[in-house]
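Residues per chain, in single letters:
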Amino acid sequence: RFFVHWLTSDQNEAIFVQWEKFFNENWFSTIRFSLYWDLPNERKLTETCLQDNIDDTNAVIKYAKDLWFKKIFLVWHSYGCLSNLFTDLSDVSWLIMRDPSMAWEMLLSDVHDDGDWYFIDWWDWYKHRIGEKYYQDFLTDPQTYLDQISKIQIPTKIFWAENWLAENARLYFDSANEPKSL
């Protein structure tokens, strides 16, 4: 299994560390990686966009396949579910979506433009700077993601941890192909 984060998180966020421990204890190998990092010489959130996330995830799938992984379970969380619906899933055995996001308009309502950068100030959970490319990606019609999941032909598991995310999960579930579970 490998885990794909998205907006503002990284491979060392508690949820991913806990998942890795759980899956390793249950005989699953895992790969955690960051799409960007707040360290010198690493790509920053302000320098990336959805296509970068898709390309990175495709590269990690290829890496896993080239190693020894026979079955790949791709676990996406939150906004990672959106960007990675467009990942090449031909070598993926299972797609798992936790807390899938779709409400770009909710996120956009918390994006502020200071003239040079866009800042996300979301529920006081995080405040981060994003670039123009990400902002433009946020303007994608949410129906695009429902249309995309309807094209996926591998088993899909969708679940949520908080009730306010149930509606999005059900919308994805209704659009997903069999076999699927909620």
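Residue positions within a chain follow its written sequence, with the count starting from 1. The model is predicted, so local features are restricted to residues of pLDDT at least 70 and side-chain atom pairs to those at 80 or more, both for listing and for counting; the totals for chains, interfaces and linings are taken over all residues. The basis for every side-chain value is the complete set of non-hydrogen atoms in the structure, without hydrogens or water.

## Focus on the side chain of Thr46
Consideration 1: Here a helix means four or more residues in a row that DSSP labels H or I, a strand means two or more in a row labelled E, and each is numbered from the N terminus. Its location among the elements puts Thr46 in the loop between β2 (31-32) and α2 (50-67).
Consideration 2: By relative accessible area, which is 16% here, Thr46 ends up buried. For every residue, the accessible area (1.4 Å probe, protein chains only) is compared with the maximum for its type, and the residue is labelled buried under 20%, exposed over 50%, or partly exposed between those bounds.

## A few points about the pairing of strand β8 (residues 156-159)
Consideration 1: With burial as the criterion, only one face of β8 is covered, namely that bearing Thr156 and Ile158; the residues Lys157 and Phe159 on the opposite face remain uncovered.
Consideration 2: Where strand β4 (residues 94-98) meets β8, four bridges bridge the pair, whose relative direction is parallel. Residue Ile96 lies in a different strand from β8, and its bridge partner there is Lys157.
Consideration 3: A pair of strands is labelled paired if DSSP reports no fewer than 2 bridges between them. Relative to strand β9 (residues 180-181), β8 runs parallel, the two being bridged by two bridges. Pairing of Lys157 across the sheet is with Ser181, part of β9.

## Considering the confidence of the model for the chain
Consideration 1: Per-residue confidence from the predictor is given as pLDDT, running between 0 and 100. Within the chain, residue pLDDT values average 80, and 84% of them lie at 70 or more.
Consideration 2: Confidence scores differ between elements of the chain, with strand β1 (residues 2-4) showing the lowest mean pLDDT of 55 and β9 the highest of 96.

## Quick notes on the packing of aromatic side chains
Consideration 1: Here a Phe, Tyr or Trp ring, Trp counted by its six-membered ring, pairs with any other such ring whose centre lies within 6.5 Å, and the pair is stacked when the planes are under 30 degrees apart, edge-to-face when over 60, and tilted otherwise. Tallied over the full model, the rule gives two aromatic pairs.
Consideration 2: Ring geometry for Trp68 against Phe69: centres 4.6 Å apart, planes inclined by 15°, an arrangement best described as stacked.
Consideration 3: Of the residues examined, Trp68 reaches a relative accessible area of 53% and is grouped as exposed.
Consideration 4: Classification of Phe69 by relative accessible area gives buried; the value is 9%.
Consideration 5: Between Phe86 and Tyr145, the ring centres sit 6.0 Å apart and the planes meet at 70°, which makes this aromatic pair edge-to-face. In this pair, Phe86 is assigned in the loop between α3 (80-83) and β4 and Tyr145 in helix α6 (residues 143-149), connecting sequence segments 59 residues apart.
Consideration 6: On the basis of relative accessible area, Phe86 is assigned to the partly exposed category, the value being 33%.
Consideration 7: Positioned above the aromatic ring of Phe173 is the side chain of Lys180, whose terminal nitrogen or guanidinium carbon lies 4.5 Å from the ring centre. Only lysine NZ and arginine CZ atoms are considered, and such an atom sits over a ring when it is within 6 Å of the ring centre and within 35 degrees of the ring normal.

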